[in-house]
Amino acid sequence: MPTPPLPARINPWQLAAEDGRLTGDLALDNLPRLMAIVNQAGGVVSIDLAAGKDAQGLPFIVGRLQTEVELTCQRCLGPLQWPLDVAVRLALVHAEAEADRLPDDYEPLLAPADGAMAVADLVEDELLLALPQIPRHADQRECEAHGYGAPDPAFIAEQRRPFKLLASLLPDSKRSS
Ligand SMILES: [Zn+2]
């Protein structure tokens, strides 16, 4: 059975009632809040979500989102490729109060009973939540490759001068001994 194209908007309650699926690629250009904090233009997020009702009758949307964004490393200020593989586990709720009663393994998705919501908004929220607070290269050597912690060349020249001076003195001191 061919996969239906990714809709722009869904009614999450209806999707859950129909055991619907949301699969496909969405251009990151559709996610302006994310694009405002990443360095690249373009890219896609691969969406694979399934909706339904669990054994307790809770309507859910679960699955994963995969993409890669370019962030700025907060240690060396160099570019940092950041793969995102986000496990989505949402239970639909009508109101904030319902969210407190959810089992711990669900995150609440506040959704109006009759309203449609943009798939891009849902996806964007999940990606933003998955971003690191302070992105940094995992290995400090990568930061050093971007210039982090490398001594200033003028400083190195300054440091070498005494040794140069010492070297020029040595033959004299040897001669005098
Ligand atoms: Zn770095």
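The structure presented is a predicted model; accordingly, all values stated were derived computationally and were not measured.

1. Considering the pairing of strand β5 (residues 79-93)
- With 13 bridges connecting them, strand β4 (residues 59-72) and β5 associate as antiparallel partners. Each residue of the ladder has a partner; that of V62, found in β5, is R89.
- Between β4 and β5, which pair antiparallel one after the other, the connecting turn spans six residues, and L77 there sits at a positive phi close to 65 degrees.

2. Topic: the confidence of the model for the protein
- Here the protein averages 87 in pLDDT, while 82% of its residues score no lower than 70.
- Looking across the protein, the model is least confident in helix α6 (residues 153-176), with a mean pLDDT of 55, and most confident in strand β3 (residues 44-53), with 98.

3. Quick look at unusual backbone geometry
- The phi angle at D19 is positive, at roughly 50 degrees, despite the residue not being glycine.
- In this structure, D19 sits in the loop between α1 (12-17) and β2 (21-27).
- A count of 10 C-beta atoms within 10 Å places D19 in the exposed class.
- Its identity as a non-glycine residue notwithstanding, L77 has a phi of 65 degrees, on the positive side.
- Relative to the helices and strands, L77 is located in the loop between β4 and β5.
- For L77, a count of 12 C-beta atoms within 10 Å corresponds to the exposed category.

4. What about the sheet that holds β2?
- Strand order in the open sheet formed by five strands is β2-β3-β4-β5-β6, with mixed pairing between adjacent strands. Every other strand in the sheet has two partners, leaving β2 and β6 (107-110) as the edge strands with one partner each. Adjacent strand axes in the sheet meet at a mean angle of 30 degrees when their direction is disregarded.
- Sheet topology note: the β5/β6 ladder contains four bridges and is parallel. Within the sheet, the bridge partner assigned to L92 lies in β6 and is L109.

5. Side note on the environment of L128
- Here L128 lies in helix α4 (residues 119-130).
- Residues L128 and I37, 91 residues apart in the sequence, show an inter-C-alpha distance of 9.5 Å.
- Look past the residues within four positions of L128 in its chain and what remains in contact with it is R33 and L34.

6. Description of the environment of A118
- Structurally, A118 is set in strand β7 (residues 117-118).
- A118 gets classed as partly exposed once you count the C-beta atoms within 10 Å, which come to 13.
- Note: C-alpha distance between A118 and A8 (110 residues apart in sequence) is 5.9 Å.

The rules behind each value
- Residues numbered from 1 in each chain as written.
- Predicted model: local features only at pLDDT ≥ 70, side-chain atom pairs only at ≥ 80, totals over all residues.
- Pairing = 2+ DSSP bridges.
- Helix = DSSP H or I, 4+ residues; strand = E, 2+ residues; numbered from the N terminus.
- pLDDT = per-residue confidence, 0-100.
- Buried ≥ 20, exposed ≤ 12 C-beta atoms within 10 Å, placed from the backbone.
- Axes fitted to C-alpha atoms, helices over the stretch in contact; angles between N-to-C directions.
- Contact = placed C-beta atoms within 7 Å.

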